[in-house]
Amino acid sequence: MKLQTKGQAFNLFTFFCLYIAQSIPLSFFSAEIPILMRQEKFSLSAIALSNLIRLPFLIKFVWSPFVDKYTRELPNYKRFILVSELIYAIFIMIAAVFDFRQDFLTVIFLIMFAFIASATQVIATDALAARSFDHQNKSMVNSMKSMGGFAGAIVGAGVLLLLFTKIGWHYILPCLSLILILVLIPLLLNKNISETTKEEGKSKTV
């Protein structure tokens, strides 16, 4: 498979968007929560423990077999990604309703549930990428993963953090949710993602 077609370029762009979606909220909350906790005079130990919100990404191997079990066909990966991303966005939107200072534990639990959905999206996205790019071109999708991660970090821990100082907690989170929904558009429009089997030389298109 050679990256010479517009369809293949669109495939790479689709995965770039999905990897950005994984990185932006993680970068934003990892940067913002310690700052807010410090402003509220939390102890350094409590601030250090706030990093546990990223635990779902460390233990996603627990439910990854479940994802693999119900994603035998490529269209199933697409459904898992879409549903996980929407749940991800919904939990962040719900967190916007609460006040970080008065409902600290509620907000933390909502973010953790959001990250569980995000970790599920990671499982499905990585599996879809592995099955839809051959060995020769896996380096390209790996580059999209790295670029998406860095771009998401710049937006999440940079642009959104600056925007947060202007509009506050209750408005920045809906913006974050909207971003997560918008990056799904390429996946919804993409009809070119396919799996090429070496044995049969056939392609199955999502």
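Residues numbered from 1 in each chain as written. Predicted model: local features only at pLDDT ≥ 70, side-chain atom pairs only at ≥ 80, totals over all residues. Heavy atoms only, no water.

### Looking at the overall build of the protein
Within the protein, the secondary structure is distributed over nine helices and two strands. Reading the protein from its N terminus to its C terminus gives the helix and strand order α-α-α-α-α-α-α-α-α-β-β. Relative to a compact globule of 206 residues, whose C-alpha radius of gyration would be 17 Å, the protein shows 18 Å and is just as compact. By its C-alpha atoms, the protein is 60 × 35 × 25 Å across when sized along the principal axes. Burial statistics for the protein: of 206 residues in total, 45% are counted as buried. Once local pairs closer than 6 in sequence are excluded, the contacts in the protein between residues at least 24 apart make up 79%. As displayed, the protein has an accessible area near 10900 Å², and 67% of this comes from carbon and sulfur atoms. Of the side-chain charges in the protein, 19 are positive and 12 negative, and the distance between the mean point of each set is 4 Å. (Helix = DSSP H or I, 4+ residues; strand = E, 2+ residues; numbered from the N terminus. Rg over C-alpha atoms; globule rule 2.2 N^0.38 Å. Buried < 20%, exposed > 50% of the residue type's maximum accessible area, 1.4 Å probe, protein only. Contact = heavy atoms within 4.5 Å. Areas by Shrake-Rupley, 256 points an atom, 1.4 Å probe, with all protein chains shown as cover. Lys, Arg positive; Asp, Glu negative; His and termini not counted. Charge placed at Lys NZ, Arg CZ, Asp CG, Glu CD.)

### Description of the layout of surface pockets
One number sums up the size of the largest pocket: a volume of about 160 Å³. Lining the largest pocket we find Met37, Ala46, Leu49, Ser50, Leu52, Ile53, Phe104, Leu105, Ile108, Phe109 and Met112. Every element with two or more residues in the lining of the largest pocket is listed here: helix H2 (44-49) and helix H6 (104-132). Looking at side-chain class alone, the lining of the largest pocket contains ten nonpolar, one polar and no charged residues. (1 Å grid on protein atoms, 1.4 Å probe; cavity = no way out; pocket = protein on both sides within 12 Å on 5 of 7 lines; lining within 4 Å. Points joined across faces, edges and corners; volume = space filled by probe spheres on them. Nonpolar A, V, L, I, M, F, W, Y, C, P; charged D, E, K, R; others polar.)

### Brief notes about the nonpolar core
Phe15, Phe28, Phe29, Trp169 and Leu173 are the most contacted members of the largest nonpolar core, which totals 60 residues. Elements with a minimum of two residues in this core: helix H1 (6-39), helix H5 (74-95), H6, helix H7 (138-167) and helix H8 (169-182). It is H6 that contributes the most residues to this core, 15 residues altogether. Dropping the residues within four chain positions of it, Phe28 is found in contact with Gly156, Ala157, Leu160, Leu161, Phe164, Ile172, Leu173 and Leu176. (Core = buried A, V, L, I, M, F, W, Y, C linked by side-chain atoms within 4.5 Å.)

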